[in-house]
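# Working through the structure, step by step
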Protein chains: 2
Amino acid sequence: VRIAFQGVHGAYSEEAARALFGKGTQTLPCESFGQVFRAVTEGKAQRAIIPIENSLAGSIHENYDLLLSHRLHIVAETHVRIEHALIGHHVATLKQLREVRSHPQALAQCSTFFDLHPQIRAVPFFDTAGAAQSLATEAQPHIGAIASALAAQIFGLKVLKRNIENRLNNFTRFLALSRAPWHPQHGVQAKTSIVFKPARNRVGVLFRALGVFALRDIDLLKIESRPDPASPFTYLFYLDLAGSPGDDQVSRALEHLREMVAEFRLLGVYPRQKV
Amino acid sequence: VRIAFQGVHGAYSEEAARALFGKGTQTLPCESFGQVFRAVTEGKAQRAIIPIENSLAGSIHENYDLLLSHRLHIVAETHVRIEHALIGHHVATLKQLREVRSHPQALAQCSTFFDLHPQIRAVPFFDTAGAAQSLATEAQPHIGAIASALAAQIFGLKVLKRNIENRLNNFTRFLALSRAPWHPQHGVQAKTSIVFKPARNRVGVLFRALGVFALRDIDLLKIESRPDPASPFTYLFYLDLAGSPGDDQVSRALEHLREMVAEFRLLGVYPRQKV
């Protein structure tokens, strides 16, 4: 199978693809998330991998929007720890570095490193892996990059220092998407992602909606409200729950929920990965 | 009053500060969100302004973390529509442009513009206003920036084209913070933000927690769960509700909630701004 992802080779999304589908998996770099969705919809790739939430930056609503505007199914999830490595040429040393390139968010997440090395200038780049790629084409030992260790490996560069991020609890949750749904298997704990829009935006409605799960002892793993970008003053609710519609209780709960909401969409059923 | 914000003059945060506190308000640019919180805590500024959620990118968890680790109060909110303007020197024209600088996220949000103008190269920068600032120091009419119209005004630059963003529904919600709480006023609709951690992570607990509001007819305006960065397998819940603890019903609901959760924090009470 070929996996579409946003970014260039060595991106954290590609790391997630390898974690889910194996190290030898074939990947298809795309410029935007919209292109990632189209690649699978049009059959150029069999799976997509997209980031959906980060422990520091929150949910990526853009990808929730794309899930709603396309007909793909979530078939897997994985959590990748974002570990920023300082990368340079194989002859480079930390002492020689005068410039380090990366995405502004990655540079900000490594601000302590720059405070400790005032001789090094932080230079913004489009993405972490792209910064690593730029080193490969220019042989300048005083220029480094902040990216994943995978990016160093792909572009034949050296890891000068691992884990230069300020905070170690930086995780991103990725979802794998496919045109066909995953089928729950016996003995595999499943997770179900749904989105719904209540008929009226009052806490009473949400309370009753959650009641369909609570009164059937179904575990809720994520809940998030968001103003609906398509219509002012209304909210969308994203919910992840334990189990699959293959379970009688979950199936009945979802039937019950559909009765009381204006819009409902099953985004996918997939094996639950514990963090 | 002096308002601390993250970024350089002309940042969208400064636009939010002006929207809340008036055009002539004095502002204090800070490098990081942590410095913004410290500026108010240490009295270098009387208010802070921070982005808390964006309609496309989601909640900014980093700022929720800082709200929890500092003792500041939310005292106001405002919603700013993010309108990206194409900015250049006063002698520049769109036709002359060969390079446009901005934050990678802003460049991505204007990708359609770049598709229509293939002769213009997108160049990543630390932030939108910083890109505008860089033009002011170099008089090169073929270089432009993507930033707010406010940034153009501040740095004596020209707006070559307004609203070059792909999607017009790009809003950021900003919060104002202070050392002292806001006091609810008669006739002013209030909003209350809280965070809590249930004693056990089961949907039953969340359902009962929401019940304290639902059964008292209190409107819920936002709900979001998030894995607690401080302890694995536990969740934090962010809630915004209509009303203030000055209302009997809200006060009793919060008392009731405290009985059933492991941790609770009142983040602030402030005038509700309709989107």
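Residues numbered from 1 in each chain as written. Chains lettered and ligands numbered in written order. Predicted model: local features only at pLDDT ≥ 70, side-chain atom pairs only at ≥ 80, totals over all residues. Heavy atoms only, no water.

## Let's talk about the sheet that holds strand 8 (residues 121–124) of chain B
Residue and element names in this part refer to chain B. Heads up, the rule is: Pairing between strands is defined by DSSP: at least two bridges between the two strands are required. Elements are defined by DSSP. Helices are runs of H or I of four residues or more, strands are runs of E of two residues or more, and each kind is numbered from the N terminus. All axes are obtained by fitting lines to C-alpha atoms, using only the stretch in contact for helices, and the reported angles, taken between N-to-C directions, cover 0 to 180 degrees. In this description, contact between two residues means that some pair of their heavy atoms is separated by no more than 4.5 Å.
Sheet architecture is open: 5 strands sit in the order 8-7-9-6-10, paired in mixed fashion. Edge positions in the sheet fall to strand 8 and strand 10 (158–161), since each of these pairs with one other strand and no more. Sheet twist, expressed as the average angle between the axes of neighbouring strands with direction ignored, equals 35°. Both strand 6 (residues 85–88) and strand 9 (residues 143–147) contribute to a ladder of 3 bridges, which runs antiparallel. Looking at strand 9, one finds that Ile87 is bridged to Ala145. Of the strands in this sheet, strand 6, strand 7 (99–102) and strand 9 are in contact with helix 6 (residues 128–137), which crosses strand 9 at around 150°.

## Side note on the packing of helix 2 (residues 33–41) of chain A against helix 3 (residues 61–69) of chain A
Residues and elements named next belong to chain A. Here is the rule: Any angle between 65 and 115 degrees counts as roughly perpendicular, while under 35 counts as roughly parallel, over 145 as roughly antiparallel, and the rest as oblique. It is the rotation of the near helix from the far one that decides the hand of a crossing: anticlockwise by less than a right angle makes it left-handed, clockwise makes it right-handed.
Where helix 2 contacts helix 3, the two axes come as close as 10 Å, and the packing angle between them is 30°. In this view, helix 2 runs roughly parallel relative to helix 3, as classed from their interaxial angle. Judged by the sense of rotation from one axis to the other, the crossing of helix 2 with helix 3 is right-handed. Two secondary-structure elements touch here, helix 2 through Phe33, Gly34 and Phe37 and helix 3 through Glu62, Asn63, Leu66 and Leu67.

## Considerations on the pattern of salt bridges
Any two side chains of opposite charge can pair, on the condition that their charged atoms come close. Residues and elements named next belong to chain A. Operational definition: Between Lys or Arg on one side and Asp or Glu on the other, a salt bridge is scored when a side-chain nitrogen of the former is within 4 Å of a carboxyl oxygen of the latter. A 1.4 Å probe rolled over the protein chains alone gives each residue an accessible area, and that area as a share of the maximum for its type sets the label: buried under 20%, exposed over 50%, partly exposed in between.
The full count for this structure, using the stated rule, is 32 salt bridges over all chains. Here Lys222 ties to Glu224 by a salt bridge, and the two come within 3.4 Å at their closest N and O atoms. The same class applies to Lys222 and to Glu224, which are both buried. Salt bridges sharing common partners tie together Glu53, Glu77, Arg173, Lys191, Lys222, Glu224 and Asp240.

## Some thoughts on the interface of chain A and chain B
For clarity, the cut-off: Two parts placed together each lose some accessible area under a 1.4 Å probe, and adding up what both lose gives the buried area. Within 3.5 Å is the distance limit for a polar contact, defined as a pair of N or O atoms, with the added protein rule that one can donate a hydrogen and the other accept it, and that residues adjacent in sequence qualify only through two side-chain atoms. Three classes are used, and their members are as follows: Ala, Val, Leu, Ile, Met, Phe, Trp, Tyr, Cys and Pro are nonpolar, Asp, Glu, Lys and Arg are charged, and the others, Gly among them, are polar.
Listed by partner, the interface residues are 46 residues for chain A and 46 residues for chain B. At the boundary of chain A with chain B, total buried surface from both sides reaches about 3,500 Å², with 60% on carbon and sulfur atoms. At the junction of chain A with chain B, the criterion picks out 2 salt bridges. Asp65 of chain B is the salt-bridge partner of Arg167 of chain A, the closest N and O atoms lying 3.3 Å from each other. Linking chain A with chain B are 12 residue pairs in polar contact (both at pLDDT 80 or more). Here the side of chain A that touches chain B takes 8 residues from helix 8 (residues 203–214) of chain A, the largest share from any one element. Its residues assigned to classes, the side of chain A that touches chain B comprises 26 nonpolar, 11 polar and 9 charged.

## Section: the environment of Thr78 of chain B
Residue and element names in this part refer to chain B. By secondary structure assignment, the location of Thr78 is in strand 5 (residues 73–81). Look past the residues within four positions of Thr78 in its chain and what remains in contact with it is Ala16, Ala19, Leu20, Thr172, Arg173, Phe174 and Gln273. A polar atom in the side chain of Thr78 sits 3.2 Å from the side chain of Gln273.

## Some thoughts on the pairing of strand 14 (residues 235–242) of chain B
All names here are of chain B. Strand 14 sits mainly inside the fold: 8 of its 8 residues count as buried. Side chains Tyr235, Phe237, Leu239 and Leu241 project from strand 14 onto one buried face, and the interleaved Leu236, Tyr238, Asp240 and Ala242 project onto a second face that is buried too. Examined bridge by bridge, strand 12 (residues 190–198) and strand 14 share 6 bridges and lie antiparallel to one another. Across the sheet, residue Thr192 finds its bridge partner in strand 14, namely Leu241.

## A short note on the relation of the copies chain A and chain B
The condition is simple: To superpose the copies, least squares is applied to the C-alpha atoms of every residue with a pLDDT of at least 70 in both.
Aligned on chain B, chain A shows an RMSD of 0.0 Å; the corresponding rotation is 180° and the shift along the axis is 0.0 Å. What the superposition gives is, in effect, a two-fold axis relating one chain to the other. Considering only C-alpha atoms, the part of chain A nearest the rotation axis is Glu224 of chain A, at 2.1 Å. When the interface residues of chain A are mapped onto chain B, 100% of them again fall at the interface, so both copies present the same face.

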